[in-house]
Number of protein chains: 2
Amino acid sequence: MVASSVSSAAVSCTLEEMLESKEKEMYQHYWVLNAPDPPYFFRQLFENVRDTILPPSNSKNGCSTLVVNNNQQPLPRRLFELLTRIFPILGSLKGYNIRKFKFDVMAGVTVASLAIPQGIGFATLAQLSPEYGLYTCFGPPLMYAMLTSSKEIVIGNVSVDSLILSSMIANLKDPIQDSLAYTQLLLIATFIAGIFQLAFGIFRFGFLVDYLSQATIVGFLAAAALGIGAYQFLVLLGISKFTTKSDLISVIKIFWTSLFKHPSQWHPYSLTLGFSFLCFILFARFMGRRNKKLFWLPTIAPLFSVIVSSVVAYTVNSHEVNVKDYKVDVLGEIKGGTLNPISLLNLNLMDMFLGPLIKTGLTVAVISLTETIAVGRSFASLRGYNLDPNREMITLGLTNIFGSFTSCYVASGSLSRTALNYSSGAETTVSSIVMALTVLISLKFLTRLLYYTPKAILAAIIISVVPGLIDIQKAYQIWKVDKLDFLACAGAFFGVLFGSVEKGLAIAVTISFAKLIVVAIQPGITVVGRLPGTDVFGDIEQYPMGLSIPGLLILSPKSSFLCFANATLVRERIERWVNDDGHAEEEEGRSTLKFIILDISGLTNIDTAGIASLEELNKNLISHGVKLVMANPRWQVIHKLRVADFVSKIGGRVFVSVGEAVDACLALGAAKIMPNTV
Amino acid sequence: MVASSVSSAAVSCTLEEMLESKEKEMYQHYWVLNAPDPPYFFRQLFENVRDTILPPSNSKNGCSTLVVNNNQQPLPRRLFELLTRIFPILGSLKGYNIRKFKFDVMAGVTVASLAIPQGIGFATLAQLSPEYGLYTCFGPPLMYAMLTSSKEIVIGNVSVDSLILSSMIANLKDPIQDSLAYTQLLLIATFIAGIFQLAFGIFRFGFLVDYLSQATIVGFLAAAALGIGAYQFLVLLGISKFTTKSDLISVIKIFWTSLFKHPSQWHPYSLTLGFSFLCFILFARFMGRRNKKLFWLPTIAPLFSVIVSSVVAYTVNSHEVNVKDYKVDVLGEIKGGTLNPISLLNLNLMDMFLGPLIKTGLTVAVISLTETIAVGRSFASLRGYNLDPNREMITLGLTNIFGSFTSCYVASGSLSRTALNYSSGAETTVSSIVMALTVLISLKFLTRLLYYTPKAILAAIIISVVPGLIDIQKAYQIWKVDKLDFLACAGAFFGVLFGSVEKGLAIAVTISFAKLIVVAIQPGITVVGRLPGTDVFGDIEQYPMGLSIPGLLILSPKSSFLCFANATLVRERIERWVNDDGHAEEEEGRSTLKFIILDISGLTNIDTAGIASLEELNKNLISHGVKLVMANPRWQVIHKLRVADFVSKIGGRVFVSVGEAVDACLALGAAKIMPNTV
């Protein structure tokens, strides 16, 4: 379609020479009123849907399409390109060196030291045995790292998914009484969630996550970071009694209670250790920014803290062995010794609970996708690249499907682990692989060695990440540029902070759509004037030097869609203008208004209510002795005006531009301007 | 604000003479980039809300404002004008004559003969004694007729309100056990509904009913008419066993059951009588349309039918007195003899059920308003005038408040009575007064005489109205002009037909808003070309004669709001264009693309996501060696682009029109075009 219009644009220039002034005017008039019909409504709809869902045909940059269509290169190179498209990690290995690898290893090990305690904790939240958390922190990140186009996302089991799964499946089977059957149901739900995510990606529903705008993400990230920070602050204090709710209010409540009622819950050694290393990490980051030569300091700080604090904890705990309360709270014993067992054969899809399981799978699939892509986009925008949501959906879907075959439950992008990965200086997804391998090694051999890592140190590492996730400057920029966007940002922030991730995102999406409607239906008209010395016409509020033309009033609706929701208001305002203008002119004894030129170049569409209101406006203007003239209608609009027979009702006074309309009005005065060519 | 901009538009023309070509260009550039700031967001919001809610200040035509500001006329005349504004009926009495009065009396009596049986029926539906139905058909229409600006609306008790009231209040008090207390609760709910309606009108929430577009009303009216027709068809058959549900499916079920299982339910005499007079009325209407001299025939037909059929029924019923089943079904005995008793003192607002009563009142107030204004607008548009919804809300509110003082329950515009009033030839609201008085007389004296009016005749009269309410031609017109509007129309039609009035309207409003969003966010770009022999640029799909300019690509987004929902898609399409164009030009050996001019005259707004996507587009274009140029930004858009610092990122290449942008690009080639004036 597009190609054909380009060729038709290349009509020879002799037409231009052919036209004489009067004839030319007729031609232009003919052009407006006899434009080809726009594509039929359903074809247009189909094309819009196709273009939204299908991948761009000839995309050069972007590895979202798997088709290699460059035949000029040698076969091995083409093969490598194809492989790169399937496994983006190969692309990032170009220019990979020992320096980058060091960073990746450091980040990977650091993230692993967070992923292991989190993985165990969230598995408990999902009412599973702890080792399932470690399984989920090994297999899925390994696979995801190969396939994702993100450079930062670290996936694994997260709190929201764990909570949803346990609350929905515990209704079907008792997790304590019938632990084995419960675990199997959870794995089936994971499989179903993966299928849904894969399907969303294949059918390219990725555009749906566009509805998470940058403003939403700024708010979401800040609130989520604050929530995680507050939660980890409790760990830092050494409070061991946790809530399953991670929203700010629950966390503050626990803090309050412990502060005034049970201050003995605080572990002074944990606290001291945690705060010392938090200060160290923050200072390291500050020094790294200040002095370019010390760039390695902030990167090495977390892992250094883990090692040193483990040594300290070992010393302290073995020293004061008699006073249990004064021990540093450490990770403690972890079951291990085996790789992920194969669970494929246990996935009985003919289960009697298939209905509820599909519902659970769909719910957790959507929330997991939303969170993963929100997290991925946040860090992609910090690094200045784009994430293809469809690709991530397919990748996450495949990962979860294979995860369900190997005793892993639903994995999503984890905000805290991804943030730690980013701030630990990860260069590529190799860090995820290192993390997975570290988890594996821990599972097999190191459960004894991890015993003495203090929980407070992990908390300090996470808390040190929080300030970087709260982008006040960006929020201020959004406020300055667009107040409604800021409202969406604030909605996401307070929704996530005081409600939940889902609530916050729902509020932000609702505000965003309300914004769309408000902008689309805004009533009001602007007066248009000629810019001195040009044939250009513009809003005289925007261009105060614009000149008005006696006997003419050029108006333009502010809205881009004259429809049921604003047509009456727009009509009333135009009529008020005419009345006011009429009064003013009668008083001043000037020539009376003869034409209203409606500059509708900004109207992208019109509906039947809009046309009806234009018809009424025309009737009312005629009764005031004023003629209505339309200038610069767009394709859809002129088509509808013609079909609705409105063009003939205003005597065919439709012109290709405001300039032409003004010239015609001035030349012919109140007389009949143009033969009706429709 | 508007007045000041007009005065500033009158800048003297000497500026024009002052400008030389190069200087002029600089000036124009300065104009774009240094436009005054748009009104602050909250001021703009406030002004939009104020203009939407407040009445037009100097409205000449329209009696919605009660302020008489013409001081030049003598006092009595001014007094009369003021009175006319309060009581529009006085205005319609201008030019009132005996001929019009005859029509009004005929219509009034005809409507009364429908209102009486309906009033009694719906009162039973509301679980009240029958006389309350007649009270509601006397007081409220009388008062409403004085105050309304509609010429047709006949109000009274209607089925929907009756159903809602009885279903919500029967939960609070048993209507059979404690009939008196139940009736009092119903009157309190009526009072509360009136207060809500009055408040909606005073705070000018009338714009909300604009969301009932013409398309919605066409669908609503057709379905409601079909429903009423089908229901009355049962009456015509003489089936006495009624359903409380008036939706089509229930009615068809009853018809089906009676046809195959209980054909004995049919009353052959009623049927014969009804069908004969239906044919007579339709024939009379046909003759009246065909022969202008017989214009009185269709008007007199309904009342004539009532009288003749009553005589026939009297004869038949007294003749075959022994066979009960063969009697014609007539209205029968009606309690009467008294005027509306005063109920003011029984309205105990301190009732223990005040909470639920407020909920009931609000529900019924909204539904009653929606229906009344939908009915009023339908007939106003048939007659070609406009209804001020705020005025109707105030009027209906006052009517219901006073109604609740005089033993009347909620009154709304009745579709069937209004349609009968219209088709009986009512000229003014005097017909409503006549109807009310007829009801009063019937209440006092004629309950014995109404005894023999056959129910089937009333049904025939209503059925004869149905075809006029189904505007297939209009629906086809809507389909031709706007497919999405037709969808709203169809939604209203099927929703009302197979669901309920509320469901149908809710579906239509939802579709209408979805339409707004779809239109606002449509992705896609159009290629713009120069129209031969002009400085005008237009979409080359709309103007296939448009000429492209080598080295330049002029694109324009189709959407009017570059925002989170479409910005990525628009950017991707532009990048695809550049890639495709680059390939094509390389192959053909033409000069490569140097500039992309983005004609953003159609963009009414942009949000932060839109700006972010423009920034990324700019980055990507630079990497292709292409420069981005913006042409003709609107006030809000250029303001936001400046605040977000985007203008400096594209080197200040923003021009007042596409023509200027093209000239600048052509003149300066790939060199730096313009000093950055921001």
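Residues numbered from 1 in each chain as written. Chains lettered and ligands numbered in written order. Predicted model: local features only at pLDDT ≥ 70, side-chain atom pairs only at ≥ 80, totals over all residues.

J.: Quick question: what am I supposed to make of the overall build of chain A here?
T.: Regarding its fold elements, chain A presents 28 helices and ten strands. For chain A, with 678 residues in total, the buried portion stands at 51%. Considering only residue pairs separated by 6 or more positions, chain A has 79% of its internal contacts joining residues 24 or more positions apart. (Helix = DSSP H or I, 4+ residues; strand = E, 2+ residues; numbered from the N terminus. Buried ≥ 20, exposed ≤ 12 C-beta atoms within 10 Å, placed from the backbone. Contact = placed C-beta atoms within 7 Å.)

J.: Quick question: what am I supposed to make of the environment of A:Ser368 here?
T.: All names here are of chain A. Here Ser 368 shows up in helix H16 (residues 354–383). Take Ser 368: there are 27 C-beta atoms within 10 Å of it, and that puts it in the buried class. Expressed as a C-alpha distance, the spacing of Ser 368 and Gly 413, which sit 45 residues apart in the sequence, is 7.6 Å.

J.: What is the right way to read the sheet that holds strand S9 (residues 627–631) of chain B from this model?
T.: Note on sheets: strands pair through backbone hydrogen bonds, and any given pair is parallel or antiparallel. Residue and element names in this part refer to chain B. Taken together, six strands build an open sheet; the order of strands is S4-S3-S5-S7-S9-S10 and the sheet is mixed. Looking at strand neighbours, the two that pair on one side only are strand S4 (537–539) and strand S10 (654–655), the edges of this open sheet. In this sheet, S9 lies alongside strand S7 (residues 595–599) in parallel orientation, the contact comprising five bridges. Its bridge partner being in S9, Ile 597 is matched across the sheet by Val 629. (Pairing = 2+ DSSP bridges.)

J.: Just to check I follow, could you spell out the environment of B:Ala567 for this structure?
T.: Structurally, the position occupied by B:Ala567 is in helix H24 (residues 567–588). In this view, B:Ala567 contacts B:Leu562, B:Ala609, B:Gly610 and B:Ser613; residues no more than four positions away in its chain are not counted.

J.: I would appreciate a short explanation of the pairing of strand S7 (residues 595–599) of chain A in the present structure.
T.: A regular strand places its side chains so that they alternate between the two faces of the sheet. All names here are of chain A. In terms of residue burial, S7 counts as a mostly covered element, since five of its five residues are buried. Both faces of S7 are covered, namely the face carrying Phe 595, Ile 597 and Asp 599 and the face carrying Ile 596 and Leu 598. Sheet topology note: the strand S5 (residues 552–557)/S7 ladder contains four bridges and is parallel. The residue bridging Leu 552 from the neighbouring strand is Phe 595, located in S7.

J.: Which parts of the structure should I look at to understand the domain arrangement of chain A?
T.: When the parts come together, some accessible area is lost, and that loss is often what is quoted as the size of the interface. Partitioning chain A into structural domains gives domain 1 (96–515) and domain 2 (522–668). Computed from C-alpha atoms alone, the centre-to-centre distance between domain 1 of chain A and domain 2 of chain A is 58 Å. (Domains from an automatic or database assignment.)

J.: I tried to follow the sheet that holds S7(A) on my own but got confused; where do I start?
T.: All names here are of chain A. If you trace the six strands from one edge of the open sheet to the other, you get S4-S3-S5-S7-S9-S10, paired in mixed fashion. One side of each edge strand has no neighbouring strand; the edge strands of this open sheet are strand S4 (537–539) and strand S10 (654–655). Relative to S5, strand S3 (residues 525–530) is paired through three bridges, and the arrangement is antiparallel. Residue pairing for S5: Ile 525 is matched across the bridge by Pro 557.

J.: What is the right way to read the nonpolar core from this model?
T.: Core analysis: the largest hydrophobic core is formed by 380 residues, its most contacted members being A:Val439, A:Ile597, A:Val629, B:Val439, B:Ile597 and B:Val629. In contact with A:Val629, not counting residues within four places along its chain, are A:Phe595, A:Ile596, A:Ile597, A:Leu598, A:Arg653, A:Phe655, A:Ala661 and A:Cys665. (Core = buried A, V, L, I, M, F, W, Y, C linked by C-beta atoms within 7 Å.)

J.: Whenever I open this one, the pairing of S3(A) confuses me. Can you help?
T.: Residues and elements named next belong to chain A. Burial analysis of S3 places five of its six residues in the buried class, which makes it a mostly covered element. With three bridges joining them, S3 and S4 adopt antiparallel strand pairing. In the sheet register, Gly 529 faces S4, and the bridge partner there is Gly 538. Between S3 and S4, which pair antiparallel and follow one another directly, the connecting turn spans six residues, one of which, Gly 533, has a positive phi of 80°.

J.: Any chance you could explain the packing of helix H11 (residues 179–202) of chain A against helix H17 (residues 389–405) of chain A here in plain terms?
T.: Helix-helix packing is characterised by the crossing angle of the two axes and by the distance between the axes. Residue and element names in this part refer to chain A. Closest axis-to-axis distance for the H11/H17 pair is 7 Å, and the angle between their directions is 155°. When the axis of H11 is compared with that of H17, the two are roughly antiparallel. Crossing of H11 against H17: the hand is left-handed. Between H11, through Leu 187, Thr 190, Phe 191, Ala 193, Gly 194, Ile 195, Gln 197, Leu 198, Phe 200, Gly 201 and Ile 202, and H17, the contact on the second element is made entirely by Asn 390, Met 393, Ile 394, Leu 396, Gly 397, Leu 398, Asn 400, Ile 401, Gly 403 and Ser 404. (Axes fitted to C-alpha atoms, helices over the stretch in contact; angles between N-to-C directions. Parallel < 35°, antiparallel > 145°, perpendicular 65-115°, else oblique. Left-handed = near helix turned anticlockwise from the far one by under 90°.)

J.: What am I meant to see in the environment of B:Ser162 here?
T.: Residue and element names in this part refer to chain B. Examined against the element boundaries, Ser 162 turns out to sit in helix H10 (residues 159–169). Of the residues examined, Ser 162 has 26 C-beta atoms within 10 Å and is grouped as buried. Considered as a pair, Ser 162 and Phe 122 are 40 residues apart in the sequence and their alpha carbons are 6.3 Å apart. Aside from chain neighbours lying at most four places away, what touches Ser 162 is Phe 122, Leu 125, Ala 126 and Asn 157.

J.: Would you mind going over the packing of helix H7 (residues 98–125) of chain A against helix H18 (residues 415–423) of chain A with me for this structure?
T.: Residues and elements named next belong to chain A. With their axes 9 Å apart at the nearest point, H7 and H18 run at an angle of 155° to one another. Judged on the interaxial angle alone, H18 and H7 are roughly antiparallel. Note on packing geometry: the crossing formed by H7 with H18 is right-handed. Residues Ala 107, Thr 110, Val 111, Leu 114 and Ala 115 of H7 form the contact with H18, whose participating residues are Ser 416, Arg 417, Leu 420 and Asn 421. In terms of residue class, the contact of H7 with H18 is made up of five nonpolar, three polar and one charged. (Nonpolar A, V, L, I, M, F, W, Y, C, P; charged D, E, K, R; others polar.)

J.: What is the right way to read helix H25 (residues 608–623) of chain B from this model?
T.: The α-helix advances 3.6 residues per turn, and as a result positions three or four apart in sequence lie on the same side. Residues and elements named next belong to chain B. Helix length check: H25 (16 residues) gives 23 Å between terminal C-alpha atoms against 22 Å at 1.5 Å per residue, within 8%. Considered for burial, the residues of H25 that qualify are Thr 608, Ala 609, Gly 610, Ile 611, Ala 612, Ser 613, Leu 614, Leu 617 and Asn 618. Positive phi appears at Gly 625, one or two residues downstream of H25, with a value of about 75°. (Expected span 1.5 Å × (residues − 1).)

J.: Would you take a moment to explain the confidence of the model for chain A for this structure?
T.: Atom-level detail of predicted coordinates should not be read off regions where pLDDT is low. Residues and elements named next belong to chain A. Looking at chain A as a whole, the pLDDT averages 78, with 82% of positions reaching at least 70. Averaged pLDDT values over the elements of chain A bottom out at 38 in helix H1 (residues 2–9) and peak at 93 in strand S1 (residues 155–156). Residue range residues 57–70 is modelled with pLDDT below 50. Its contacts to residues more than four positions away, or to other chains, number 23 contacts. Low pLDDT, under 50, characterises residues 670–678; the stretch is placed with 21 contacts to residues that sit more than four places away or in other chains. Prediction confidence for the complex, expressed as pTM and ipTM, is 0.72 and 0.73 respectively. (pLDDT = per-residue confidence, 0-100.)

J.: Hey, could you run me through unusual backbone geometry in this one?
T.: In terms of backbone geometry, most residues other than glycine have negative phi values and most peptide bonds are trans. The phi dihedral of A:Asp645 is positive, around 70°, even though this residue is not glycine. Structurally, A:Asp645 is set in the loop between helix H26 (635–643) and helix H27 (646–649). Phi is positive for B:Asn632, which is not a glycine, with a value near 60°. Residue classification places B:Asn632 among the buried residues on the basis of 27 C-beta atoms within 10 Å.

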